[in-house]
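Close look at the chain arrangement
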Amino acid sequence: MSGIESLPAGFLFGTSTAAYQIEGAVAEDGRGPSIWDTFTAQPGRIADGSSGAVACDHYHRWPADLELLRRLGAPGYRFSIAWPRVQPDGTGLNARGLDFYDRLVDGLLSAGLQPMATLYHWDLPQRLEDAGGWLRRDTALRFGEYASVVAARLGDRVTHWCPVNEPNVAILQGYAQTGLAPGRGLLFGALPAAHHLLLAHGLAVEALRRGSHGRIGTATNHFPVWPVTASEADRGAAAQLDLFWNRLFADPVLLGRYPHGLLADASPDDLALISQPLDFYGVNYYNPIAVRAPAPGSPLPFEYADITGHPVTGFGWPVVPAALTDLLTGLKARYPALPPLIVTENGCSYPAGLDDTARVDYLDAHLRAVAEAVGRGVDVRGYYCWSLLDNFEWADGYTQRFGLVEVDFETLERTPRRSFTWYAEQVRRHREAHRPPRAKRD
Ligand code: GBH
């Protein structure tokens, strides 16, 4: 066996989504405003001027989406819970908001699927942002309470938890730079927010351990960083971006300390919370990124550069499956106490169309890259494709389509693409290849 079928028995295939990107229904059943409602209302923030106000209308159409998942046959489904539905002001309990996820989790379980719930996929209640957002330590304490409230209701049924989706992306693009909500642009002034979001992760892990038997992990974005040349200056620039993008967020979780003198005043108690043992470490991987030394006087210690010589997705992102193998083997080499890995997101955007052979090629090559890492001794337990549906792609609005299922944003009609059929077939073949031999009759 080679390739996808060589992935181990019990390997968990799945798909990923996030609340604000698919749900719509932003004013329903008592949901409060989040930083994404505010951000999308500001002119110039979103490429096509759109918002997630309707998105895929999953809030109303979830039974149809559940049927799609059942047809797909991949048993893992990762979704996120919208904090402002559960706690419209960031405190208390709006039971009607939590009811939605209660129905969804029951629906998933009765379809034979395993619910993986993310507690924070970037939709901070606006009231908490007004009070200082992630720059304020209190926001982390509020998040710990929110995690307890969710665990009390869903802890008996959710099989996997990701407290925070991509803390690095949320802080670096939302607080240091301006591409994602709340779009603050604080550069290095965002460092305290990084610590508070990691602390939020730690407090949520603690709350979930008390309130659930589900497995607890992360969903951390990793960009392998490449220097454009082997010059010392370019390698230095790559090390700087690697430090801020990857290590600032992975080291405290997996080593219990911040790298390179950053956040040196973080207390040992905080670091102990942040580095509690996890059942899995979730990796979101899309592509490597190249940098060069910055021009003199640049505010940042690196400058982004193009990666040439590889095909690109509709987003212009280079397709480099081998970088996923390197990432997974590199994590094992760097972190001695690394828990089992799960690829919690991987996927690509291409223009609308049902015959998405480019997406099939992307997914096939990346699954093989995971199998290659497993063959080299890395313990990878699952792979979740981003995404089930075309959806609201943050600053890029509806201009980038990542779905196995095409969504017509006029009619909200869903149509499975070729990649959907292909992925279903891989899952089926993997299951067949690992079916225990039947006991002989007679
Ligand atoms: C992941 O982010 C997210 O978890 C998921 O929600 C998202 O849909 C998916 O990947 C695809 O992007 O450069 O500031 O203008 C990965 C990081 C975040 C990269 C948004 C592209 C563009 C915003 N992505 N970013 S910005």
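Residues numbered from 1 in each chain as written. Predicted model: local features only at pLDDT ≥ 70, side-chain atom pairs only at ≥ 80, totals over all residues. Heavy atoms only, no water.

Identification of the chain as Beta-glucosidase from Kineosporia succinea is taken from an unreviewed UniProt entry. Taken verbatim from the UniProt record of the chain, the Sequence similarities (unreviewed entry) comment is "Belongs to the glycosyl hydrolase 1 family." In its Catalytic activity (unreviewed entry) section, UniProt records this for the chain: "Hydrolysis of terminal, non-reducing beta-D-glucosyl residues with release of beta-D-glucose." (UniProt positions renumbered as here; feature names shortened; annotations may be inferred.)

1. Focus: the sheet that holds strand 9 (residues 289–292)
Strand order in the open sheet made by the three strands is 7-9-10, with mixed pairing throughout. The open sheet is flanked by strand 7 (225–227) and strand 10 (303–305), the only strands paired with a single partner. Each adjacent strand pair in this sheet contributes to an overall mean axis angle of 45 degrees, direction not counted. Here three bridges tie strand 9 to strand 10, and the two strands are oriented antiparallel to one another. Within the sheet, the bridge partner assigned to V291 lies in strand 10 and is Y304. (Pairing = 2+ DSSP bridges. Helix = DSSP H or I, 4+ residues; strand = E, 2+ residues; numbered from the N terminus. Axes fitted to C-alpha atoms, helices over the stretch in contact; angles between N-to-C directions.)

2. A few points about helix 8 (residues 167–176)
Among the 10 residues in helix 8, nine count as buried, and that is most of the element. Along helix 8, the residues that are buried comprise P167, N168, V169, A170, I171, L172, G174, Y175 and A176. For helix 8, the secondary structure elements touched by its buried residues are helix 6 (126–130), strand 4 (160–164), helix 9 (191–211), strand 6 (220–221) and helix 10 (232–255). (Buried < 20%, exposed > 50% of the residue type's maximum accessible area, 1.4 Å probe, protein only. Contact = heavy atoms within 4.5 Å.)

3. Focus: the site of the ligand
Around the ligand, the surrounding shell holds 18 residues, and the nearest of these are Q21, H121, E166, E393 and W394. When the ligand sits alone it has 570 Å² of accessible area, and the protein chains cover 86% of it. Per-class residue counts for the shell around the ligand are eight nonpolar, six polar and four charged. (Near = heavy atom within 4 Å. Areas by Shrake-Rupley, 256 points an atom, 1.4 Å probe, with all protein chains shown as cover. Nonpolar A, V, L, I, M, F, W, Y, C, P; charged D, E, K, R; others polar.)

4. Some points on the side chain of Q400
With respect to the helices, strands and loops of the structure, Q400 is situated in the loop between strand 12 (380–386) and strand 13 (405–407). The class of Q400 is buried, set by a relative accessible area of 12%. A polar contact is formed between the side chain of Q400 and the side chain of S349, at a distance of 2.6 Å. Ignoring sequence-local partners within four residues, the contact set of Q400 consists of G314, F315, S349, N391 and E393. (Polar contact = N/O pair within 3.5 Å; in protein donor to acceptor, adjacent residues only side chain to side chain.)

5. What about the sheet that holds strand 2 (residues 76–80)?
Strands belonging to one sheet form pairs held by backbone hydrogen bonds; the direction of such a pair is parallel or antiparallel. Across the sheet, nine strands lie side by side as 5-4-3-2-1-12-11-8-6; this open sheet has parallel pairing. Both outer strands of the open sheet, strand 5 (215–216) and strand 6, are each paired with one neighbouring strand and no more. Where strand 1 (residues 12–16) lies against strand 12, five bridges are found, and the strand directions are parallel. Among the inter-strand pairings, S16 is bridged to a residue of strand 12, identified as W386. Against the sheet, helix 5 (residues 95–110) touches strand 2 and strand 3 (114–120), its axis set at about 175 degrees to strand 2.

6. Description of the pattern of salt bridges
Counted according to the given criterion, the structure contains 33 salt bridges. The shortest N-O distance in the salt bridge between E303 and R292 comes to 3.8 Å. Here E303, found in strand 10, pairs with R292, found in strand 9; they are 11 residues apart in sequence, far enough to count as distant. Overall, the relative accessible area of 32% leaves E303 in the partly exposed class. Here R417 makes a salt bridge to E406, at a shortest N to O gap of 2.6 Å. (Salt bridge = Lys/Arg side-chain N within 4 Å of Asp/Glu carboxyl O.)

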